Structures are given as C-alpha cells and as structure tokens.
Amino acid sequence: GYRVSLQGNFFGCNDTYMTFPEYNPRKHIKLDPPMNIQSNATASKCQIRWSVWNVPWYLTEILQYELQYKEYRMPWEVALKKTLPSSLPQVEIEATELHSGIAYIARVRCKVSENENSYHSQWSEWSQTTVFQRADVPKVSEKVSNTKTLQYLFIPLSFGTLLYLFWSCKLSSRYRCFLTLGQKALPALTFPRQLLSFNHSIVCTMGILR
C-alpha cells in the first residue's frame, strides 16, 4: 500500500490535514465511461453494443455493466436499469419490453465486478446515448390486404396478356393467309396473256389457210 497525506502551509506553518496510512490504488478505481454505443433493433429484440477505452486488459474480463433505458421523452429518473451478469460489452432487450411506435434512448456505465476481491471500483460516468425503436412486424390483416391487392392486379394483367397473344396470333394468321392467296393468284394473273397468245395463234393459222 501507499501512505498519502494532505499538507498545507498557512502563515508559515506546515500542517497535515488528512492522512491515508494504507492507501491501495486497486481498491480505488474509477474507469472511463464506455464509448461507441450503438443499437440495432429488429421485430424480436434490440441489441445494444459498446466498447471500453483505457482499461487494462486484466480488468476487461472482470468488468460489470449497468444499462439504463427509457422512453425518449421521459426523464432519466424513471428509466429502467439492468445490471448485466456478463462482462461482454453487449446486451439484448426483448421486443416485449418495448412499446410499438415509441422511440427509446439508452446509456451504459461500468465498474469492476463486485465479486472481485483483488480490485474495487465505483461506477464510471454514463456513456453517450443511443436511440432505437422496435421494428414492427406487419399485422395479419395487412398481409391479407397485400395478398388481395396482388390478386386484383394479377387478374387484369393476365387477361391483358392473353388478349395480346390472341390478337398477335390472329394477325399472324391473316398475314400468312394473305401471302398464300397472293402466291396462288400469280398464275391467274398470267391467264389473260396465255389467252391472248392462244387467240393470236388461231388468227395466224386462219390467215395461212386463207
């Protein structure tokens, strides 16, 4: 241990005002507050993480944390507190503990665990805050409504697609028929020429006979 004394000089006299005959630094620790506090809320839980700074490695495994959270607009005097059993710098809040549509704010502090005999400390200052809100799951009625909406959209879209395919096939059939008729009509177009040629041959033959 250490011997600590507080001395002062008044009117030329040195006086000792307070003395700690056996001061042990291990028993008088105050850590820096946690930092980098972050939150991630889902429909089932909210996970809050943080980190510690300027803490010796042999103390990180024996730290104790206390979480404090409340509704954003409420004072800290009515906040809920959780003393975490683990030294891990994280905690989970179940969604059942949070109200839907309400914003929450949380902070955390740390100290050496009370179960540790070699060290003793007081609570650190509170960390910076993080704001979170429960992510709600769509209600059953909303899911049914969304399903009906998709059904209502599917019917006219399907009908329009079938109608488009029908007209496409019909127009394609008409085009093929037109080409077929056009190809068959080509010999008919040469018929007058054959007829004229035939008549010309008859006239020529009759002229020779005469």
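Residues numbered from 1 in each chain as written. Predicted model: local features only at pLDDT ≥ 70, side-chain atom pairs only at ≥ 80, totals over all residues. Heavy atoms only, no water.

- The name given to the protein in an unreviewed UniProt entry is IL9R protein, with Cettia cetti as the source organism.
- What UniProt states about the protein under its Subcellular location (unreviewed entry) heading is, verbatim, "Membrane". (UniProt positions renumbered as here; feature names shortened; annotations may be inferred.)

1. Some thoughts on the overall build of the protein
Part 1 of the argument: When helices and strands are tallied, the protein shows two helices and eleven strands.
Part 2 of the argument: Along the protein, helices and strands appear, N-terminal first, in the series β-β-β-β-β-α-β-β-β-β-β-β-α.
Part 3 of the argument: Partitioning the contacts of the protein with sequence separation of at least 6, the portion at a separation of at least 24 is 62%.
Part 4 of the argument: For the protein, the exposed surface amounts to about 16,300 Å²; the carbon and sulfur share of it is 59%. (Helix = DSSP H or I, 4+ residues; strand = E, 2+ residues; numbered from the N terminus. Contact = heavy atoms within 4.5 Å. Areas by Shrake-Rupley, 256 points an atom, 1.4 Å probe, with all protein chains shown as cover.)

2. Topic: the sheet that holds strand β4 (residues 35–41)
Part 1 of the argument: Read across the sheet, three strands follow the order β4-β5-β8 without closing on themselves; strand pairing throughout is antiparallel. Pairing within the sheet leaves two strands with one partner each, and these edge strands are β4 and β8 (90–94). Adjacent strand axes in the sheet meet at a mean angle of 15°, parallel and antiparallel pairs treated alike.
Part 2 of the argument: Bridge count between β4 and strand β5 (residues 45–51): five bridges; the pairing is antiparallel. The residue of β5 that forms the bridge with A41 is C46. (Pairing = 2+ DSSP bridges. Axes fitted to C-alpha atoms, helices over the stretch in contact; angles between N-to-C directions.)

3. Points about the pattern of salt bridges
Part 1 of the argument: Tallying each qualifying case throughout the model produces five salt bridges.
Part 2 of the argument: One salt bridge connects K30 with E125, and the closest N-O pair in it is separated by 2.7 Å. Remark: E125 occurs in the loop between β10 (121–122) and β11 (130–133) and K30 occurs in strand β3 (residues 29–30); sequence separation between them is 95 residues.
Part 3 of the argument: The shortest N-O distance in the salt bridge between E92 and K45 comes to 3.2 Å. In this pair, E92 sits in strand β8 while K45 sits in strand β5, placing the two residues 47 residues apart along the sequence.
Part 4 of the argument: A relative accessible area of 36% places E92 in the partly exposed class. (Salt bridge = Lys/Arg side-chain N within 4 Å of Asp/Glu carboxyl O. Buried < 20%, exposed > 50% of the residue type's maximum accessible area, 1.4 Å probe, protein only.)

4. Some remarks on the sheet that holds strand β7 (residues 80–84)
Part 1 of the argument: Strand order across the open sheet formed by four strands is β7-β6-β9-β11, with antiparallel pairing between neighbours. At either margin of the open sheet sits one strand with a lone partner, and together these are β7 and β11. Along the sheet, successive strands turn relative to each other by an average axial angle of 30°, direction set aside.
Part 2 of the argument: Note that strand β6 (residues 63–71) and β7 share five bridges and pair antiparallel.

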